Amino acid sequence: MTKSSLKQDSQLIEQMRTISSSIFADVMETNNAMDYRVKPVNYKQPLVGRARTVSLPKGDNLFLHHAIYEVEPGDIIVVDGQDHKGSAYLGELMAGVAEALGIQGVVIDGMVRDKRELEQLDIQIYAKGFLSTGPQKEGPGSFDTDITCAGAFVSSGDYIVGDEDGVVVIPYELASGIIEKAKKKLAYEQNRLDVIEQYKQHSGTKQKSAIAPSWLEDKLKKYGIPERD
C-alpha cells in the first residue's frame, strides 16, 4: 500500500469509528451484517479496521494460528468457523499472542473459551459463545481468501465495523460511498433525537404529529389510516 492509500485508509477508518454498525447496516444496499449471535466478548470501544480472512474446517484452528503470525498490526482477523459448536477455536493463549502482535480484533463464526481471561484483554474478540472443549490442529484451511462469516461475505481488505449491536462488513471498493450515506443517515437520526427532546420539554403544548417522522403518514395512507392531528 502506498503512503497516499495508507493515509486515505486511515481517514476512512477514523470516519467509521464515529458511526454505529446499525447505521451502516441501514444504508448498505446489500445488508452485509453478521448473524445476531456474533457478539463482543469484551467490548470496550468500536472495533473498526481492515479484515484478514481465515477459513477453517469444523473444529480445527490450525490456519487461525497461521494467520495470527501473518497479519499486520491493526488488522482484524475474520474467521469462517462454519458455525461449529462442538469446540472452541480460540482461548486465552492465542488471544494473548494476537494482542502482543498488535492485532486489533478477532471475529469468529463459532465458539471461544477462557471467558474470564478474554474479558481482561484489550484485543477485542467477537464470537457466538463459550465452550470448554478445545479444537484439533491438523488443517486444512485457507488464509486471505474470500469467505462467508456468519452470513456475511468478507474479502481480505474489506472494512469491519463491530460494536455491541453486532458486526457489519463494508466492501473495500464501496467504502467511500457507504460512509457518505451513513453520515447523512446519522445526521437525520440526530435531528430526530433533537425533535424528540424538544417535544419532551414542551409536550403539553404540542400535537402528536409534531414528533412523528415525516414519512410515516404517506406510508399509512394506503391502509386507509387518517392523518393525525
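Remember, it's a predicted structure, so these values are computed and weren't measured experimentally. (Residues numbered from 1 in each chain as written. Predicted model: local features only at pLDDT ≥ 70, side-chain atom pairs only at ≥ 80, totals over all residues. Heavy atoms only, no water.)

Points about the pairing of strand 3 (residues 76-90)
Walk down a regular strand and you will see the side chains alternate between the two sheet faces. Counted only if it meets this: Summary of the burial criterion: residues with accessible area below 20% of their type's maximum are buried, those above 50% are exposed, and those between are partly exposed, where the area comes from a 1.4 Å probe applied to protein chains only. Under the DSSP-based scheme used, a helix requires at least four consecutive residues in state H or I and a strand at least two consecutive residues in state E, with every element numbered from the N terminus. Pairing between strands is defined by DSSP: at least two bridges between them are needed. Classification remark: right-handed applies to a crossover when, strands pointing away from the viewer, the course from the first strand over the helix to the second runs clockwise.
Counting buried positions along strand 3 yields eleven of 15 residues, so the element is predominantly enclosed. Across seven bridges, the pairing between strand 3 and strand 4 (residues 105-112) is parallel. Considered in strand 4, the bridge of Ile 77 is made with Val 106. One crossover worth recording links strand 3 to the parallel strand 4 by way of helix 4 (residues 92-100), and it is right-handed.

Quick word on the pairing of strand 10 (residues 159-163)
Among the five residues of strand 10, five are classified as buried, and the element is accordingly described as predominantly covered. Residues Tyr 159, Val 161 and Asp 163 point to one face of strand 10 and Ile 160 and Gly 162 to the other, with burial holding for every one of them. As paired strands, strand 2 (residues 47-55) and strand 10 are joined by four bridges and run antiparallel to one another. Residue Arg 50 lies in a different strand from strand 10, and its bridge partner there is Tyr 159. Across five bridges, strand 10 lies against strand 11 (residues 166-170) in antiparallel orientation. By the bridge assignment, Tyr 159 is partnered in strand 11 with Ile 170. Connecting strand 10 to the antiparallel partner strand 11 that follows it, the hairpin turn spans two residues.

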